[in-house]
Every structure is written in structure tokens, then in C-alpha cells.
Amino acid sequence: MSLQLRLFGGAQPTAGKMSASNDGSHAIDKSKVLAQTDAGVITPKTPGNFSSIRSVPVVPDPRYFDREQADALKNLAKEKTDGARQSKRAYKSLAKIEVADKTVHKEHRKYEGAVAENELGKKRSDVGLAKKLHGLRPGYARLGLGIDKADSDARTRIDEIKAKLQGAN
């Protein structure tokens, strides 16, 4: 299988056929155009859950901590600080991936727009040729009638010659 077939698929069965889009109608579904790219994407209609993170409970009142509690909190703070640093790196990478995805999406839509626009140009060219060919039909009809008349005239003359020669015998 060729690379082109693997990338773009096989023959298109509808190529060259009239379709409903040729009469000016459309199949652009607004709900599909505006549909989320993923169920988890944050939009005004799906604003997320506004959750947060809390590694330790809030201390509601002033209190004393003993050495063991203070050491445990200090170790947890180190762990959470490193986790925060790693989370920051991860979220930064995720944001870069989103930007890259958006770029690819945007460029693909530009490409699709160019394909659609050029398809219209091609169809305009095809229509122009079809109109031109229809305009040539009377000329071809005249040529055909001219050939038919020449054939008829020749047959008439041949028949006259035959009749003359056969009449002389």
C-alpha cells in the first residue's frame, strides 16, 4: 500500500457525483461546531467544579504543637514543596501541550478551509468548461448537419450518374 493511500485513505466513492450541497443547502450543525473537544474542557456551560487542594486541615483555633508534630509537619512541608515544584513543571508542560494542540487544530482548520475554497474554485472551473462545451454544441450540430448534407448531396449525384449511365445502356 502506498504512503499516500495510508495517509489519506482509498478512493472516494462520491467524487464527481452531485450532492445536496450543490444546491446551496448545507450540513453545518451548529451544535457540532460548538461542541467541546473533550467532556472535561472548561467552558461557560461546563465551568468545572472549582475544587481545590488542601493537604492539611485548617487549624480553626490557636494551639500548641509538640516536637513530634512539628517535625512531621516540617517533613510534610518539604514533601509538599517538592510536589508543588514538580506539579508546577507538569502543569507548565500540560499548558505547552495544549498550545501545541491548539496550533495543530488551528492549522488543520486553515488547511480544511483552503481545501474547501479550492474545491469551490475547481467546481467553478468545471462549470465554466461545461458551459463552454454547451455553447459549442450548436457549432458541432452545424458541422454534423453539413456532413449529412454533403453525404446526401453526394448520394444524390451518384444516383443521378448511375441513372444516366444505366439509361444510356
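It should be noted that the structure appears before, not after, this text.
Residues numbered from 1 in each chain as written. Predicted model: local features only at pLDDT ≥ 70, side-chain atom pairs only at ≥ 80, totals over all residues. Heavy atoms only, no water.

> Teacher, can you tell me more about the overall build of the protein chain here?
Secondary structure summary: the protein chain contains 3 helices and 0 strands in total. Going from the N terminus to the C terminus, the protein chain shows its helices and strands as α-α-α. Residues classed as buried in the protein chain amount to 0% of the 169 residues present. In the form shown here, the protein chain has an accessible surface area of approximately 16,300 Å², with 59% of it arising from carbon and sulfur atoms. (Helix = DSSP H or I, 4+ residues; strand = E, 2+ residues; numbered from the N terminus. Buried < 20%, exposed > 50% of the residue type's maximum accessible area, 1.4 Å probe, protein only. Areas by Shrake-Rupley, 256 points an atom, 1.4 Å probe, with all protein chains shown as cover.)

> What's the story with the pattern of salt bridges in this structure? I'm lost.
Should their charged atoms come close, side chains of opposite charge can pair. For the structure on display, the rule yields 6 salt bridges. R85 serves as the salt-bridge partner of D82, at 3.7 Å between the closest nitrogen and oxygen. Here D82 and its partner R85 are both found in helix α3 (residues 67–168), 3 residues apart, which amounts to about one turn of the helix. With a relative accessible area of 35%, D82 lands in the partly exposed category. Between D153 and K149 there is a salt bridge, and its shortest N-O distance comes to 3.0 Å. Here K149 and D153 lie together in helix α3, a separation of 4 residues that amounts to about one turn. (Salt bridge = Lys/Arg side-chain N within 4 Å of Asp/Glu carboxyl O.)

> Sorry if this is basic, but what is going on with unusual backbone geometry here?
Most peptide bonds take the trans form, and the phi angle of most residues other than glycine is negative. Of note, the phi angle at F50 is positive, near 55 degrees, even though the residue is not glycine. Within the fold, F50 resides in the loop between α2 (30–33) and α3.

> Quick question: what am I supposed to make of the packing of aromatic side chains here?
For any pair of aromatic rings, the description rests on two quantities: the centre-to-centre distance and the angle between the ring planes. This structure, assessed with the given rule, holds 0 aromatic pairs. Lying across the ring of F65, R63 places its NZ or CZ 4.0 Å from the centre. (Phe/Tyr/Trp six-rings, centres within 6.5 Å; stacked < 30°, edge-to-face > 60°. Lys NZ or Arg CZ within 6 Å of the ring centre and 35° of its normal.)

> Just checking my understanding: could you explain the environment of V41 for this structure?
For V41, the position within the fold is in the loop between α2 and α3. Residue class for V41 comes out partly exposed when judged on its relative accessible area of 29%. V41 has contacts with Q36 and T46, leaving out every residue within four places of it along the chain. (Contact = heavy atoms within 4.5 Å.)

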